[in-house]
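# Fold and geometry: a report
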Amino acid sequence: MFEFLKRLFPQSTVPLPVPDTPLEPPPLSARVIGERDVSPSEIAMTSRLAGDAAVHRYFELSAIIERAKEDGDFVSAVRAARETYPLMPAVVRQMKRETGGFDLRISHAVHSASVLMAVIGDREGIRELREALGTTAELLDWLPAAEEAQADVALVEAIMAAIVAQPGIKQSELKRRVSGDGRRLGTLAAWLEKGKRLRRINQGSTYLLYPADSPLSAPVSDPTPPVEGIRSIIAPVHWHARSPCVHCARSLAACGNSRENM
């Protein structure tokens, strides 16, 4: 697989064989994908790519997805993923032709973008992902990612509804308002914050959740109010020269009497 990828990307320092046919120029640039929706005609053009051109474009889009995800630009990441899906049958065929099998274990367009689709509520993109995975035998093992995204998009809608109904709700209390696993709800809340759909304010071991447009700052704890009727009194301390105790005085007197009797 490593030698196969080296042949696709000419920046490698290893001498590379010249492909039989030159790579077709990609139909869309990263900048275009990030600025507007991909039109049906452009997607159709992408789906016509085959061989090395399809594989090259697949990895180019994967880089766009990962970069946009890290930047919190989930819309651009999802656009790039949805352009990837028509390429996947050709990618599978070419990898099998080159290496004898399809050995990719993870895909940004599938395993990263599916979560982002749920976060931004792109049900259409999730449907396209399911279709892409369901029509290619080698991709059937990835179907759980699309199924989880379908479940997540419902959780996201419930989370946002709870926050709008009660701004400042504690993240730890979401499971009382939303039917779902508490850990998954927390994970989705973190993704929603990264995707700029909500704001989380740290409060001890949990977070307060607010809609993204709430103009607020972290809550400040009020100082403990003074207790009425109680005052701190500092009394002056007077020091006196220490006088002998009565017992000592009696002992000294007895000692004197004894000397006189000696």
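Everything in this summary refers to the structure shown in the same document.

Definitions and limits used
- Residues numbered from 1 in each chain as written.
- Predicted model: local features only at pLDDT ≥ 70, side-chain atom pairs only at ≥ 80, totals over all residues.
- Heavy atoms only, no water.
- Helix = DSSP H or I, 4+ residues; strand = E, 2+ residues; numbered from the N terminus.
- Contact = heavy atoms within 4.5 Å.
- Areas by Shrake-Rupley, 256 points an atom, 1.4 Å probe, with all protein chains shown as cover.
- Core = buried A, V, L, I, M, F, W, Y, C linked by side-chain atoms within 4.5 Å.
- Buried < 20%, exposed > 50% of the residue type's maximum accessible area, 1.4 Å probe, protein only.
- Phe/Tyr/Trp six-rings, centres within 6.5 Å; stacked < 30°, edge-to-face > 60°.
- Pairing = 2+ DSSP bridges.

The subject of this paragraph is the overall build of the chain. When you go through the chain residue by residue, the secondary structure sums to twelve helices and three strands. Residue pairs in contact within the chain that sit at least 24 positions apart in sequence constitute 65% of those at least 6 positions apart. Roughly 16,400 Å² of accessible area belongs to the chain as shown, and the carbon and sulfur atoms make up 55% of that amount.

So, about the nonpolar core. Counting 57 residues, the largest nonpolar core has Tyr-85, Leu-133, Trp-142 and Ile-159 as the members making the most contacts within it. Those elements giving two or more residues to this core turn out to be α4 (51-70), α5 (74-84), α6 (88-99), α7 (108-120), α8 (123-134), α9 (143-165) and α11 (182-194). With eleven residues, the top contributor of residues to this core is α9. Once residues lying within four places of it in the same chain are set aside, the contact partners of Ile-159 are Leu-174, Val-178, Leu-185, Leu-188 and Leu-192.

Considering the arrangement of structural elements, one finds Ala-189 in helix α11. Considering only alpha carbons, one finds Ala-189 and Val-156, 33 residues apart in sequence, at a separation of 8.1 Å. Leaving out residues up to four positions away in the same chain, Ala-189 has contacts with Gln-171, Leu-198 and Arg-200.

A complete count under the given rule lists three aromatic pairs for this structure. Summarising the aromatic geometry, the rings of Phe-74 and Trp-191 are spaced 5.9 Å apart at their centres and angled 55° between planes, so their arrangement reads as tilted. With Phe-74 in helix α5 and Trp-191 in helix α11, this pair connects stretches of sequence that are 117 residues apart.

Moving on: the pairing of strand β2 (residues 198-203). Judged from the six bridges that link them, β2 and strand β3 (residues 206-211) form a sheet pairing that is antiparallel. Across the sheet, residue Arg-200 finds its bridge partner in β3, namely Leu-209.

Positionally, Ala-146 belongs in helix α9. Given a relative accessible area of 0%, Ala-146 falls into the buried group. Taking C-alpha positions, Ala-146 is 9.8 Å from Met-117, a pair spaced 29 residues apart along the chain. Not counting chain neighbours up to four residues away, the residues in contact with Ala-146 comprise Ile-126, Leu-129, Arg-130 and Leu-133.

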